[in-house]
Amino acid sequence: MARVYNFSAGPAMLPEPVLSQARDEMLDWQGSGMCVAEMSHRGKEFMSIAAQAEADLRELLKIPANYKVLFLQGGASTQFSAVPMNLLHGGGKADYLNTGSWSKKAIAEARRFCEVNVAAATDDCKFTRAPTQEELALGAEAAYVHYTPNETIEGVEFPYVPETNGKPLVADMSSTLLSRPVDVSKYGLIYAGAQKNIGPAGLTIVIVREDLIGQPIAGTPTMLDYKVQADGDSMYNTPPTYAWYLAGLVFQWLKDKGGLEAMAEINARKAKRLYDIIDASAFYNNPVDPQARSWMNVPFTLANPELDDRFLKEAKSAGLTTLKGHRSVGGMRASIYNAMPEEGVEALVAFMQEFERTQG
Ligand code: PMP
């Protein structure tokens, strides 16, 4: 068996110890005689798995007691509508920062429910920087402020947490949650699709301050009402049990690795290694403002785009897969989430340097 270094933006690599444990427990989870996928979500076995996963996530992120943690379905994209439905609270306006492809999608969906004030936009420079705090033109009547701390496609990450004058700050952390410590108390709501740093696709995490829930707009579907989900411990319907279990194994793995402080050190090192060789080369280029470069998604182009296909083919032969950039940006993108080991980044760096030497 030869595992590859998979640089996919998501679904992405999972830690090998997690996959091995899932394999070992596949036919018989801890003497239950069942696979987790076969368990009733209301049985004591799965209830203990679910509770442990939540406790571990709370510990990793130091989530304050007045926040609910929801384990939902529908991906981050469903939250693009659940957020306005639950947080408008009778108001008709919300502030959104437009910093890339995913914030654009969140804005388009929010417009179905309210008037969106685009409080900052960086489309003038093709989303290659983060707006500064001073640039944010926040609306006085906004019910909340939404932003995307890490734009997965453009590889742009906010180097600061926006200050919102007391308005609830909502963050789509799909591609950055668990990459480093977060001060959850600065946010009204954080959401993330799981398929990058958390676990497999099919699970969506929502962390929401208790006082913000319970006032959904009329017509909000029951499944999208955070209060219903919170009161039902995310089991209003059958939750994505197996994905929840795998996420729990990832949380245990993160704790074993030393938690999010330790991950932040490793992730900063991995990203720096890649950006350093890109910057040192005239053959590779990353267009993003160095202040706002993502630790998780590193897009880069080759000086000669005619070599793109050869780069991808040879990388694949070297066991380095899914490096093709998003079609809207072109070039390459290396996603280096928590589960990408430093050896994987070293292997990519060595490949890139050799490719430049022979083809550049
Ligand atoms: N937001 C961000 C920042 C993302 O990276 C993604 C997925 N790549 C999404 C939202 C959409 O997530 P999902 O596919 O889980 O709906």
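Residues numbered from 1 in each chain as written. Predicted model: local features only at pLDDT ≥ 70, side-chain atom pairs only at ≥ 80, totals over all residues.

Core analysis: the biggest nonpolar cluster contains 100 residues, and Leu 189 and Ala 247 have the highest contact counts within it. If you tally residues by element for this core, the top one is helix H6 (residues 241–256), at 10 residues. When residues of this core are sorted by domain, at least three fall in each of domain 1 (17–257) and domain 2 (259–359). Grouped together as the second largest cluster of nonpolar side chains are six residues, Phe 127, Ala 130, Phe 158 and Val 288 included. (Core = buried A, V, L, I, M, F, W, Y, C linked by C-beta atoms within 7 Å. Buried ≥ 20, exposed ≤ 12 C-beta atoms within 10 Å, placed from the backbone. Helix = DSSP H or I, 4+ residues; strand = E, 2+ residues; numbered from the N terminus. Domains from an automatic or database assignment.)

The next point concerns the packing of helix H7 (residues 259–279) against helix H9 (residues 342–359). Packing of H7 against H9 leaves a shortest axis separation of 10 Å and a crossing angle of 0°. Viewed along their axes, H7 and H9 adopt a mutual orientation that is roughly parallel. Of the residues in H9, those in contact with Ile 266, Arg 269, Lys 270, Arg 273, Leu 274 and Ile 277 of H7 are Glu 342, Val 345, Val 349, Met 352 and Gln 353. Looking at side-chain class alone, the contact of H7 with H9 contains six nonpolar, one polar and four charged residues. (Axes fitted to C-alpha atoms, helices over the stretch in contact; angles between N-to-C directions. Parallel < 35°, antiparallel > 145°, perpendicular 65-115°, else oblique. Contact = placed C-beta atoms within 7 Å. Nonpolar A, V, L, I, M, F, W, Y, C, P; charged D, E, K, R; others polar.)

This part covers the site of the ligand. Taken together, the neighbourhood of the ligand is formed by Ala 9, Gly 10, Gly 75, Ala 76, Ser 77, Trp 102, Thr 148, Thr 152, Asp 172, Ser 174, Ser 175 and Gly 193. Among the elements that take part in the shell around the ligand, helix H3 (residues 75–87) stands out by supplying three residues, more than any other. Taken together, the residues of the shell around the ligand sort by class into three nonpolar, eight polar and one charged. (Near = placed C-beta within 6 Å.)

To continue, consider the pairing of strand S4 (residues 115–121). In the sheet, strand S3 (residues 93–98) pairs with S4 via six bridges, with the strands oriented parallel. Considered in S4, the bridge of Asn 98 is made with Ala 121. Since S3 and S4 lie parallel, the crossover through helix H4 (residues 101–110) that links them has a hand, and here it is right-handed. (Pairing = 2+ DSSP bridges. Right-handed = clockwise from strand over helix to strand, strands pointing away.)

With that settled, consider the UniProt feature "modified residue: N6-(pyridoxal phosphate)lysine" (unreviewed entry) in the protein. Under the UniProt annotation, "modified residue: N6-(pyridoxal phosphate)lysine" (unreviewed entry) lies at Lys 196. Mapped onto the elements, Lys 196 comes out in the loop between strand S9 (189–193) and strand S10 (204–209). Aside from chain neighbours lying at most four places away, what touches Lys 196 is Gly 10, Ala 12, Ser 174, Ser 175 and Tyr 337. (UniProt positions renumbered as here; feature names shortened; annotations may be inferred.)

The feature "binding site: pyridoxal 5'-phosphate" (unreviewed entry), as annotated in UniProt, sits at Ala 76, Ser 77, Trp 102, Thr 152, Asp 172, Gln 195, Asn 237 and Thr 238 in this numbering. Taken together, the annotated residues stretch across 163 residues and extend over separate regions, lying up to 30.3 Å apart by C-alpha. What makes Thr 152 buried here is the crowd of 27 C-beta atoms within 10 Å. Those residues in contact with Thr 152 that lie beyond four places of it in its chain are Ala 9, Trp 102, Ser 174, Ser 175 and Asn 297. With respect to the element layout, Thr 238 can be found in the loop between helix H5 (226–231) and H6.

To continue, consider the environment of Phe 283. Along the chain, Phe 283 turns up in the loop between H7 and strand S11 (284–285). Given 18 C-beta atoms within 10 Å, Phe 283 falls into the partly exposed group. As for Phe 283 and Gly 232, which are separated by 51 residues in sequence, their C-alpha atoms are 54 Å apart. Leaving out residues up to four positions away in the same chain, Phe 283 has contacts with Leu 302, Ala 303, Glu 356 and Gly 360.

Taken together, three strands build an open sheet; the order of strands is S11-S12-S14 and the sheet is antiparallel. Strand pairing shows two members of the sheet lacking a second neighbour, S11 and strand S14 (332–335), which therefore form its edges. Sheet topology note: the S11/strand S12 (residues 297–302) ladder contains two bridges and is antiparallel. Paired with Asn 285 across the two strands is Thr 301, which belongs to S12. Seen against the sheet, H7 touches S11, S12 and S14 and runs at an angle of roughly 15° to S12.

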